[in-house]
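Architecture and fold: a report
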Amino acid sequence: MSGITIALSKGRIFEETLPLLAAAGITPTDDPEKSRKLIIGTNRPDVQLVIVRASDTPTYVQYGAADMGIAGRDVLIEHGGAGLYQPLDLNIARCRVCVAVRKGFDYARASQPGSRIRVATKYTKIAREHFASTGVHVDLIKLYGSMELAPLVGLSDAIVDLVSTGNTLRANNLEAVEDITTISSRLVVNQAALKVKRALLQPVIDAFAGAVTP
Ligand code: AMP
């Protein structure tokens, strides 16, 4: 395509990206929450959006199937960021990555240096690096969703997950016991596309930069 393709995921990232797109003069012609279309047009004939799973955004951009995309720092850390130019922290979809346990679980005791705990998470790289830095041996159990269930049914002692309001943890009788890092979403751009399509991409990057709220 001679125009530009932007990869976005449904939900919070899509909604919080709409004002940034508007600042770049881009309005989607469909709502991905209502439409089943995976390729969504915009008011600009040279701009299309592709709706992908959040953890797939860096992959689409890395291979140039999308010229740019918006992905959480959690997803970018797990992906590794190869082939991606990351010019902007968009300060959207903010949350924290936390260690959480069942209420009443003695985490201080279980996480003493040299001890061993079972941790269920989608974020194995973040979890591995965190526990390596605190000196706790961990048996990591990879999950793809609903991490909150794992400590409730004895699959793990703890989880590493994203926490925003804390409502999901509270509803499941869990509590955050350690903050690992803060997360927000970033603009990622395919490095080759930036060279070849700079005339199209740079104004969008600049408009996004001007619309970021601190
Ligand atoms: P909350 O109940 O507001 O603390 O939100 C927690 C749930 O929403 C967890 O299942 C998280 O995986 C998910 N979540 C929270 N913030 C984000 C985010 N910025 N991006 C993706 N998922 C999120």
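Residues numbered from 1 in each chain as written. Predicted model: local features only at pLDDT ≥ 70, side-chain atom pairs only at ≥ 80, totals over all residues. Heavy atoms only, no water.

For the coordinates displayed, the defined rule picks out eight salt bridges. Ionic pairing is found between R186 and D89, a salt bridge with its closest N-O pair at 3.8 Å. Of the two residues, R186 is situated in strand β11 (residues 185-190) and D89 in strand β5 (residues 84-89); the sequence distance between them amounts to 97 residues. A relative accessible area of 24% places R186 in the partly exposed class. Using a relative accessible area of 35% as the deciding quantity, one classes D89 as partly exposed. R116 is the salt-bridge partner of D139, the closest N and O atoms lying 2.7 Å from each other. Separated by 23 residues along the polypeptide, D139 in strand β8 (residues 137-142) and R116 in strand β7 (residues 116-121) bring together distant segments of the chain. Residue classification places R116 among the exposed residues on the basis of a relative accessible area of 51%. (Salt bridge = Lys/Arg side-chain N within 4 Å of Asp/Glu carboxyl O. Helix = DSSP H or I, 4+ residues; strand = E, 2+ residues; numbered from the N terminus. Buried < 20%, exposed > 50% of the residue type's maximum accessible area, 1.4 Å probe, protein only.)

Turning next to the site of the ligand. Neighbouring the ligand are R12, A93, C95, E148, D161, L162, V163, S164, T165, G166, N167 and T168. Contacts to the ligand include D161, whose side-chain N or O atom sits 3.3 Å from an oxygen atom. Within the backbone of S164, a nitrogen or oxygen atom sits 2.8 Å from an oxygen atom of the ligand. Calculation on the ligand without its partners gives an accessible area of 500 Å², and the protein chains cover 69% of this total. Broken down by secondary-structure element, the contributors of at least two residues to the shell around the ligand are β9 (158-163) and α7 (167-171). When residues in the shell around the ligand are grouped by element, the largest group, three residues, is from β9. A per-class count over the shell around the ligand returns four nonpolar, five polar and three charged. (Near = heavy atom within 4 Å. Polar contact = N/O pair within 3.5 Å; in protein donor to acceptor, adjacent residues only side chain to side chain. Areas by Shrake-Rupley, 256 points an atom, 1.4 Å probe, with all protein chains shown as cover. Nonpolar A, V, L, I, M, F, W, Y, C, P; charged D, E, K, R; others polar.)

This part covers the pairing of strand β6 (residues 95-102). For β6, the buried fraction is high: six of the eight residues fall into the buried class. As paired strands, β6 and strand β10 (residues 174-183) are joined by eight bridges and run antiparallel to one another. Within β10, the residue paired with R96 across the bridge is T182. (Pairing = 2+ DSSP bridges.)

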